[in-house]
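So the chains spell out like this:
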Amino acid sequence: MRMTCDVCMHRCSLENGQTGICRARGNRGNGIVPLNYGRLTSMALDPIEKKPLRMFCPGSRILSVGSFGCNLKCPFCQNHGISMAGERDSEVVTVTPGQLADRAADLRDRGNIGVAYTYNEPLVGWEFVRDTARLVRMAGMKNVIVTNGSASDRVLDGLLPYTDAMNIDLKGFTDRYYRKLGGSLEVVKHFIERAAGECHVELTTLIVPGENDSEAEIKELAAWVASVNPRIPLHITRFFPMWKMTDRDATDIGRLYALVEAARGSLEYVFAGNC
Ligand code: SF4
């Protein structure tokens, strides 16, 4: 029977056996299921600043895990090897939520504060995040989600009760650019507004030359973030040629700092990244 996935704006309508645009969810006969549940492609104990989070538990480390799949198609993706992969082309280690929560607790003596769900887009497999986050919270540890913010209210309803912090990409501030990346600016804005009301939120904007690097766009973006909360930290980060986008140079450092200054006109905390 044909079924529709309600996890993101694509609302994939899938026949039995078909897989969605994100490659992480599919109709397998008894509903839309997360194909990447508990299937990890990456795991590392990272500094929290690498998420990036600058104003949440500074100096700590966090067990960071990723799976496969993503619902956007950014041509400059740093993690395209896993974000653009499906279940057949990913090397995975399978874990249960309990095993992952136990691993996080074991790493406490190495400075670990919890689990970060990151690397690919974690919300296309949000059920594993929810089930793990519940146990991590019960163990007195923290949950961090690093996301493109392109998920539905139902997903947020399920995750926010267990989420301590998020870094959300705000990739630019035009519908044209979001369409090019396969997403929706309106969906991300709504996601940020809701998340910022319930957990610590920091935002990241990657400055891609010729795409989203005008001062006018960054000023508009920063003014909107300030209308949500002027104390939300914004990371303005440098692009490097990557994957399918090798037709332009890395972001000019002078340009990046000019955009940081422009954003500081509206926001209290603006950080330059990848410099
Ligand atoms: S999460 Fe995946 S399957 Fe579901 S609507 Fe989005 S792209 Fe389609």
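The structure this text deals with has already been given above.
The notes below deal with the structure included here. (Residues numbered from 1 in each chain as written. Predicted model: local features only at pLDDT ≥ 70, side-chain atom pairs only at ≥ 80, totals over all residues. Heavy atoms only, no water.)

**Structural notes on empty space enclosed by the protein**
Within the structure shown, the criterion is met by three cavities of 30 Å³ or more. Counted as a void, the largest cavity has a volume near 130 Å³. Residue lining of the largest cavity: 14 residues in total, with G66, S67, P122, F128 and V129 positioned closest to the centre. The set of elements that each furnish at least two residues to the lining of the largest cavity consists of β5 (39-40), β7 (61-66) and α3 (126-138). Tallied by class, the residues present in the lining of the largest cavity amount to six nonpolar, seven polar and one charged. Put simply, the second largest cavity is a space of about 100 Å³. (1 Å grid on protein atoms, 1.4 Å probe; cavity = no way out; pocket = protein on both sides within 12 Å on 5 of 7 lines; lining within 4 Å. Points joined across faces, edges and corners; volume = space filled by probe spheres on them. Helix = DSSP H or I, 4+ residues; strand = E, 2+ residues; numbered from the N terminus. Nonpolar A, V, L, I, M, F, W, Y, C, P; charged D, E, K, R; others polar.)

**Description of the layout of surface pockets**
Within this model, the largest pocket holds a volume of roughly 980 Å³. If you trace the largest pocket, you find 40 residues lining it, with K51, Q78, N79, V146 and D169 closest to the centre. Elements represented by at least two residues in the lining of the largest pocket include exactly β10 (142-147), β11 (165-169), β12 (200-207), β13 (234-238) and β14 (270-273). Here the lining of the largest pocket is composed, by residue class, of 16 nonpolar, 14 polar and ten charged.

**Observations regarding the site of the ligand**
As a matter of local geometry, the ligand sits amid C5, V7, C8, H10, R11, C12, G20, I21, C22 and R25. Under a 2 Å grid-point criterion requiring more than half of the atoms, the pocket assigned to the ligand is the second largest cavity. Tallied by class, the residues present in the shell around the ligand amount to six nonpolar, two polar and two charged. (Near = heavy atom within 4 Å. Sits in = over half its atoms within 2 Å of the grid points.)

**Some points on the packing of aromatic side chains**
Where two aromatic rings form a pair, the distance of their centres and the angle of their planes describe that pair. For the coordinates displayed, the defined rule picks out three aromatic pairs. Taken together, a centroid distance of 6.4 Å and an interplanar angle of 90° make the contact between F76 and F239 edge-to-face. In this pair, F76 is assigned in the loop between β7 and α1 (80-83) and F239 in the loop between β13 and α8 (253-264), connecting sequence segments 163 residues apart. Overall, the relative accessible area of 1% leaves F239 in the buried class. Ring geometry for F173 against W224: centres 6.0 Å apart, planes inclined by 40°, an arrangement best described as tilted. Here F173, found in the loop between β11 and α5 (175-180), pairs with W224, found in helix α7 (residues 215-228); they are 51 residues apart in sequence, far enough to count as distant. By relative accessible area, W224 is classed as buried at 12%. (Phe/Tyr/Trp six-rings, centres within 6.5 Å; stacked < 30°, edge-to-face > 60°. Buried < 20%, exposed > 50% of the residue type's maximum accessible area, 1.4 Å probe, protein only.)

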